[in-house]
Amino acid sequence: MQLARVMGTVVATTHYQGLDGVKFLIVQPLSKNRQTKGKPVVAADATAQAGPGELVFIVGSREAAQAMPIPFVPVDHAIVGIVDDVET
Amino acid sequence: MYFGRVSGTVVATIKHEAFHGQKLLLVDQLDLAGEPTGHYDICVDVVQAGVGDQVLVIDEGNGARQILKREIAPVRAVIVGIVDDIDLST
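Residues numbered from 1 in each chain as written. Chains lettered and ligands numbered in written order. Predicted model: local features only at pLDDT ≥ 70, side-chain atom pairs only at ≥ 80, totals over all residues.

S.K.: Help me understand the overall build of chain B in this model?
M.R.: Tallying secondary structure elements over chain B gives one helix and six strands in all. Reading the helices (α) and strands (β) of chain B from amino to carboxyl end gives β-β-β-β-β-α-β. Seen through its C-alpha atoms, chain B measures out along the principal axes to roughly 45 × 25 × 20 Å. In chain B, which comprises 90 residues, the share counted as buried stands at 36%. (Helix = DSSP H or I, 4+ residues; strand = E, 2+ residues; numbered from the N terminus. Buried ≥ 20, exposed ≤ 12 C-beta atoms within 10 Å, placed from the backbone.)

Following this line, the structure appears as structure tokens:
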């Protein structure tokens, strides 16, 4: 699980049937010092409450789909929390 | 599993319910010489680790779900041990 910053939203009217109602956001993965790390990815928002500019944490690979209401869907990154604070 | 060093804590009020009641720690991955590799994970802590501790991290979903006793959970990285000593014989 990594830190990421929400950069924007994605609208895809035509999508796989299991993805109805799932909100997709573009997120930029970050280092622990909140510097850009790697390329932006599209992540499903399992909190349903994240928005552009927010610091979030994401989970990748198969576990991402398990954050969704229907756990067997084609999702490879999911936002699983909105970060209030990181103390280092 | 990999060795890591706990470098901080993460506070998140709004989160997936699988994380409710779980402590989240920031862990830097270490190589065998104890140097940071540059990789890090936000980990669920089930062994009461603290900042500065050298820990053992599992970064795999099936193991994580087994630890959390859940059939479905969007969790991968879990701190499963606090390392006392590593003895490298070669």
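S.K.: Would you explain the pairing of strand β3 (residues 23–30) of chain B in this entry?
M.R.: Working note: regular strand, side chains alternate between the two faces of the sheet. Residues and elements named next belong to chain B. Of the strand pairs in this sheet, strand β1 (residues 2–11) and β3 are connected by six bridges, and their pairing is antiparallel. Bridge pairing in β3 links Val6 to Val27. Relative to strand β4 (residues 36–45), β3 runs antiparallel, the two sharing seven bridges. Note on β4: the bridge partner recorded for Lys23 is Asp45. As consecutive antiparallel partners, β3 and β4 are separated by five residues, and within that stretch Gly34 has a phi angle of approximately 85°, a positive value. (Pairing = 2+ DSSP bridges.)

S.K.: Help me understand the nonpolar core, please; the structure alone is not making it clear to me.
M.R.: Looking at soluble globular proteins, one finds that nonpolar side chains tend to be buried together. Formed by 48 residues in total, the largest nonpolar core has its most connected members in Phe57, Ile58, Ala78 and Ile79 of chain A. Apart from residues no more than four positions distant in its own chain, Phe57 of chain A is found in contact with Met1, Gln2, Leu3, Ala4, Val80, Gly81 and Val83 of chain A together with Val10, Ala12 and Ile42 of chain B. (Core = buried A, V, L, I, M, F, W, Y, C linked by C-beta atoms within 7 Å. Contact = placed C-beta atoms within 7 Å.)

S.K.: In this structure, what is going on with the interface of chain B and chain A? I would like to understand it.
M.R.: In many analyses, interface size is given as the accessible surface area lost on bringing the parts together. The interface of chain B with chain A comprises 22 residues on the first partner and 25 residues on the second. Looking at the side of chain B that touches chain A, the elements that each hand over two or more residues are β1, β2 (14–15) and β4 of chain B. In terms of residues, the side of chain B that touches chain A owes the most to one element, β1 of chain B, which gives five residues. Looking at side-chain class alone, the side of chain B that touches chain A contains 13 nonpolar, six polar and three charged residues. As judged from the two bridges shared by strand β5 (residues 77–82) of chain A and β2 of chain B, these two strands associate in the antiparallel manner. What sits directly across from Gly81 of chain A, in β2 of chain B, is Lys15 of chain B. (Nonpolar A, V, L, I, M, F, W, Y, C, P; charged D, E, K, R; others polar.)

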